[in-house]
Amino acid sequence: MSIPHGAVLAPVLGREEGAMPRRLGIELGVTRTDFLLSDGSTGATHALKFPSVPGDTAATVAAGVAELINRAGGDAKDIDAVVLAM
């Protein structure tokens with residue numbers, strides 16, 4: 001499926017028109033990884049500093065996202081965008 005640049009994505013994502021996105025930021029670090037979840041609908045932000053798993057970035061990200069979602073509530077499928085920094 002091709003989405004034109006600037007298209008309204010709410011219908012594609014199964015969201016109601018006008019619903020604000022949830023965005024996840026991840027900064028990978030050697031000893032810890034920082035996660036930030038921003039909820040555009042409520043204005044709430046949730047932050048988590050999570051210990052990095054040496055040599056296993058995927059495990060770090062999976063475990064950190066799961067912990068952040070557990071603390072913030074909701075579901076990972078509700079995240080509309082992810083920004084990754086290394």
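You'll find the structure just up there.
Residues numbered from 1 in each chain as written. Predicted model: local features only at pLDDT ≥ 70, side-chain atom pairs only at ≥ 80, totals over all residues. Heavy atoms only, no water.

A.B. asks: When you look at the pairing of strand 1 (residues 22-27) in this model, what are you seeing that I'm missing?
C.D. replies: Moving residue by residue along a regular strand, the side chains alternate between the two faces of the sheet. Where burial is concerned, the two faces of strand 1 differ: the one with Arg22, Leu24 and Ile26 is buried and the one with Arg23, Gly25 and Glu27 is not. As defined by bridge partners, strand 1 adjoins strand 2 (residues 32-39) across six bridges and the pair is classed as antiparallel. Its bridge partner being in strand 2, Ile26 is matched across the sheet by Phe35. Connecting strand 1 to the antiparallel partner strand 2 that follows it, the hairpin turn spans four residues. Where strand 1 and strand 4 (residues 79-85) come together, six bridges link them in parallel fashion. Its bridge partner lying in strand 4, Arg22 is registered against Ile79. (Buried < 20%, exposed > 50% of the residue type's maximum accessible area, 1.4 Å probe, protein only. Helix = DSSP H or I, 4+ residues; strand = E, 2+ residues; numbered from the N terminus. Pairing = 2+ DSSP bridges.)

A.B. asks: What's the story with helix 2 (residues 57-72) in this structure? I'm lost.
C.D. replies: Three or four residues apart is the spacing at which side chains of an α-helix point the same way, because the helix has 3.6 residues per turn. Along its 16 residues, helix 2 runs 22 Å from first to last C-alpha, staying within 8% of the 22 Å computed at 1.5 Å per residue. Inspection of helix 2 places Thr60, Gly64, Val65, Leu68 and Ile69 among the buried residues, and these make up the whole buried set. Taken down its axis, helix 2 places every buried residue within 145 degrees of arc, on the same side. Every exposed residue of helix 2 that faces more than 90 degrees away from the buried side is listed here: Ala58 and Asn70. Immediately downstream of helix 2, the backbone of Gly73 shows phi near 90 degrees, a positive value. (Expected span 1.5 Å × (residues − 1). Arc of directions from axis to C-beta.)

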